[in-house]
Amino acid sequence: MPPASTKASIRTVDAPAPPSSPVSAQRLEPGRPGYRRMSFALFAAGVATFALLYSTQALLPAVSAAFGATAGQASWTVSAATGALALCVLPLSALSERFGRRQMMTASLTVAVLVGLLIPFAPSLGWLIALRAVQGAALAGLPASAMAYLAEEVRPKALVAAIGLFVAGNSIGGMSGRIVTGWVAQLWGWRAALGAVGLLAVLCALVFHFMIPKARHFTPGSLNPKALARTVGTHLADPLLRRLYAIGALFMTVFGAVYTVIGYRLVEAPFNLPQGVVGSIFLVYLVGTASSAAAGKLVGRLGRRGALYLAVSTTAAGLLLSLAGQLAAVLLGLVLITAGFFAGHAVASSSVSRTATTGRAQASALYQSAYYLGSSVGGTLGAVAFHAGGWAGTVALGLFAVLGVVSITLYGTRVARAERLRAVPAVALPN
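Please read these numbers as outputs of a predicted model, since none were measured by experiment.

## Observations regarding the overall build of the protein
Helix and strand counts for the protein stand at 17 helices and 0 strands. In terms of C-alpha radius of gyration, the protein reaches 21 Å, essentially the compact-globule figure of 22 Å for 431 residues. Counting only C-alpha atoms and orienting by the principal axes, one finds that the protein spans roughly 75 × 55 × 40 Å. Residues classed as buried in the protein amount to 57% of the 431 residues present. Counted over contacts in the protein with a minimum sequence separation of 6, partners at least 24 positions apart contribute 84%. Of the roughly 17,000 Å² of accessible surface on the protein, a fraction of 70% belongs to carbon and sulfur atoms. Here the protein holds 31 positive side-chain charges and 8 negative ones, and the gap between their average locations is 2 Å.

Next up, the structure:
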């Protein structure tokens, strides 16, 4: 089937020009000019994306108290943003095929930052949720465009590591945003905390604007809704891509549920932690930074499925450990959950970029849609499960999602083994 952009989509990341080609020589990789600037710019964009997208997550108990809302109602300030992102990422990625990855990332980040500066002044919970939805929709143009930009500009052998650095920026943004909001909220209130995150995002947006290299391997294509629909249909018909989309959604369901609810658990008995300390709990995101950045080496040693097995096992162990009543055990559980999630996400997202040989922006956009839909569902269902069964209810939801990842990966292993057996030529028997 024809791709969404007949000009832009025929490029393939897995079949670069020969090493002697001038085009191949211009592709970014560690040690080449521009790679460090690109890494730093996208790292800053990743920081801003997660800091803005999850800016209210650590503040949910304070938001509940301010508006007299339940955990489930307050959780919509997170779920509305991630849900809007999931819905808008595909159409905005299609626009990036026409107007450019760099331009789309810049526009998305600019609008999201401007909305972020308005959010602290929301007069009601309804307005807060609405503004967060607009912000999530604006951010939708960044993740898939970033993945496509990397797939086009970075040499294939360096792609997993480059995407790992972008995901590492996500983890730093998630961590710093929550820590800043926690302590600022404790001192000056949750509105000031959201304003502080907005200012952090302004700084990141400026760094991105001045550091991101111009795209050298992007060819603009025309907007063609029918061709886009065919490209999307082609990706959804690919069994491997479907499995990767499902894995991303399930991993994010766990992560969204845990980090939406953990603040409520820690401010209640037996822990009774203040808001600032609860925000500091998100320092465990540093573990995610390390695990996502190391995803390339992990795949090199264990293979893609082996890396996923390790990531999901780590996540499950963390969920079970977090059931303990001791704060140290809960923190160690969060460390394991975070490490497993970010490693699994980096492996799955980079696998999408390598698997799709046409319409890479749409392939990445579908992954991001599934990923953030998982976050939205996980955040809402995690809060509902917490209200119904306490932390054990949230953990049960997480383990159910983990079981889904294991089942999909096992099925993929069986399929790969069967394909290898079919590829082995039959041995001729002697007469």
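## Looking at the nonpolar core
Soluble globular proteins tend to pack their nonpolar side chains together in the buried interior. Formed by 124 residues in total, the largest nonpolar core has its most connected members in Leu42, Leu150 and Tyr259. By residue number, the principal contributor to this core is helix 12 (residues 239-267), which donates 15 residues.

## Observations regarding the confidence of the model for the protein
Taken over all residues, the pLDDT of the protein has a mean of 84, while the share at 70 or more is 91%. Within the protein, no element has a lower average pLDDT than helix 1 (residues 22-26), which sits at 51, and none a higher one than helix 7 (residues 125-139), at 96. Taken as a whole, residues 1-25 scores under 50 in pLDDT and shows 57 contacts with residues more than four places along the chain or in a different chain.

## Observations concerning the pattern of salt bridges
Summed over all chains, the structure comprises 1 salt bridge. Glutamate 152 is the salt-bridge partner of arginine 101, the closest N and O atoms lying 2.4 Å from each other. Of the two residues, arginine 101 sits in helix 6 (residues 101-118) while glutamate 152 sits in helix 8 (residues 143-153), which places them 51 residues apart along the sequence.

## Some remarks on the side chain of serine 369
By the element assignment, serine 369 lies in helix 17 (residues 360-423). Using a relative accessible area of 14% as the deciding quantity, one classes serine 369 as buried. When sequence neighbours within four positions are dropped, the list of residues in contact with serine 369 reads Ala86, Val89 and Leu90.

## Overview of the environment of arginine 36
Relative to the helices and strands, arginine 36 resides in helix 2 (residues 35-53). Arginine 36 gets classed as exposed once you look at its relative accessible area, which sits at 74%. Along the primary structure arginine 36 and glycine 83 are separated by 47 residues, whereas in three dimensions their C-alpha atoms are 33 Å apart.

## Focus on the environment of histidine 217
Examined against the element boundaries, histidine 217 turns out to sit in the loop between helix 10 (190-211) and helix 11 (225-237). Given the relative accessible area of 8%, histidine 217 is considered buried. Sequence separation of histidine 217 and glycine 169 is 48 residues, and the distance between their C-alpha atoms is 24 Å.

## Considerations on a nonpolar patch on the surface
A cluster of nonpolar side chains, contributed by Leu114, Leu117 and Leu199, occupies part of the molecular surface with about 290 Å² of accessible area. Tracing the sequence through the fold places leucine 117 in helix 6.

## Regarding unusual backbone geometry
Between alanine 269 and proline 270 the backbone carries a cis peptide bond, its omega angle lying at 5°. Even without a glycine there, the phi angle at asparagine 272 is positive, about 55°. Note that asparagine 272 resides in the loop between helix 12 and helix 13 (275-280).

## Concerning the packing of helix 5 (residues 76-99) against helix 7
Where helix 5 meets helix 7, the closest approach of the two axes is 7 Å, and the angle between their N-to-C directions is 30°. In terms of orientation, helix 5 lies roughly parallel with respect to helix 7. Judged by the sense of rotation from one axis to the other, the crossing of helix 5 with helix 7 is right-handed. Across the interface between the two elements, Trp76, Thr77, Val78, Ala80, Ala81, Ala84, Leu85, Cys88 and Leu92 of helix 5 pack against Leu125, Leu128, Ile129, Arg132, Ala133, Gly136, Ala137, Ala138 and Leu139 of helix 7. Of the residues that constitute the contact of helix 5 with helix 7, the class distribution is 15 nonpolar, 2 polar and 1 charged.

## Here we look at helix 5
Relative to the 34 Å expected for 24 residues at 1.5 Å per residue, helix 5 spans 32 Å between its end C-alpha atoms, a close match to the ideal helical length. Along its length, helix 5 reaches its greatest deviation from straightness, about 40°, at valine 89, and the proline proline 91 lies no more than four positions downstream. Glycine 100 lies just past helix 5 and shows a positive phi near 110°.

## So, the packing of helix 12 against helix 15 (residues 295-321)
Helix 15 packs onto helix 12 with a crossing angle of 20° between their chain directions and a minimal axis gap of 12 Å. Judged by the angle between their axes, helix 12 and helix 15 are roughly parallel. For the crossing formed where helix 12 meets helix 15, the hand is left-handed. Across from Leu240, Ile247, Phe251, Val254 and Val258 in helix 12, the residues of helix 15 making contact are Arg304, Leu308, Ala311, Val312, Thr315 and Leu319. In terms of residue class, the contact of helix 12 with helix 15 is built from 9 nonpolar, 1 polar and 1 charged.

## Looking at helix 12
Taking 1.5 Å of rise per residue, the 29 residues of helix 12 would be expected to cover 42 Å, and the 44 Å separating its terminal C-alpha atoms lies within 8% of that figure. Where helix 12 bends most, the angle comes to about 35°, and this point is valine 261. Counting buried residues in helix 12 gives 23 out of 29 residues, a clear majority hidden from the surface. The N-capping residue of helix 12, defined by a side-chain oxygen 2.9 Å from the backbone nitrogen of leucine 240, is aspartate 238.

## What to know about the packing of aromatic side chains
Applying the stated criterion across every chain, the model contains 11 aromatic pairs. When the ring of phenylalanine 255 is compared with that of phenylalanine 341, the centres are 4.0 Å apart and the planes differ by 10°; the resulting orientation is stacked. Highlighted residues: phenylalanine 255 in helix 12 and phenylalanine 341 in helix 16 (residues 327-355), separated in sequence by 86 residues. With relative accessibility at 1%, the residue phenylalanine 341 sits in the buried group. Ring pairing ties together the aromatic residues Phe255, Tyr259, Phe282, Phe341, Phe342, Tyr367, Tyr371 and Tyr372, which thus form one cluster. Just above the ring of phenylalanine 99 sits the side chain of arginine 98; from NZ or CZ to the centre is 5.5 Å.

How each quantity is defined
- Residues numbered from 1 in each chain as written.
- Predicted model: local features only at pLDDT ≥ 70, side-chain atom pairs only at ≥ 80, totals over all residues.
- Heavy atoms only, no water.
- Helix = DSSP H or I, 4+ residues; strand = E, 2+ residues; numbered from the N terminus.
- Rg over C-alpha atoms; globule rule 2.2 N^0.38 Å.
- Buried < 20%, exposed > 50% of the residue type's maximum accessible area, 1.4 Å probe, protein only.
- Contact = heavy atoms within 4.5 Å.
- Areas by Shrake-Rupley, 256 points an atom, 1.4 Å probe, with all protein chains shown as cover.
- Lys, Arg positive; Asp, Glu negative; His and termini not counted.
- Charge placed at Lys NZ, Arg CZ, Asp CG, Glu CD.
- Core = buried A, V, L, I, M, F, W, Y, C linked by side-chain atoms within 4.5 Å.
- pLDDT = per-residue confidence, 0-100.
- Salt bridge = Lys/Arg side-chain N within 4 Å of Asp/Glu carboxyl O.
- Patch = residues over 30% accessible without salt bridge, like charges linked within 9 Å, V, L, I, M, F, W, Y side chains within 5 Å.
- Axes fitted to C-alpha atoms, helices over the stretch in contact; angles between N-to-C directions.
- Parallel < 35°, antiparallel > 145°, perpendicular 65-115°, else oblique.
- Left-handed = near helix turned anticlockwise from the far one by under 90°.
- Nonpolar A, V, L, I, M, F, W, Y, C, P; charged D, E, K, R; others polar.
- Expected span 1.5 Å × (residues − 1).
- Bend = angle between axes of the 7 residues up to and from the residue.
- Polar contact = N/O pair within 3.5 Å; in protein donor to acceptor, adjacent residues only side chain to side chain.
- Phe/Tyr/Trp six-rings, centres within 6.5 Å; stacked < 30°, edge-to-face > 60°.
- Lys NZ or Arg CZ within 6 Å of the ring centre and 35° of its normal.

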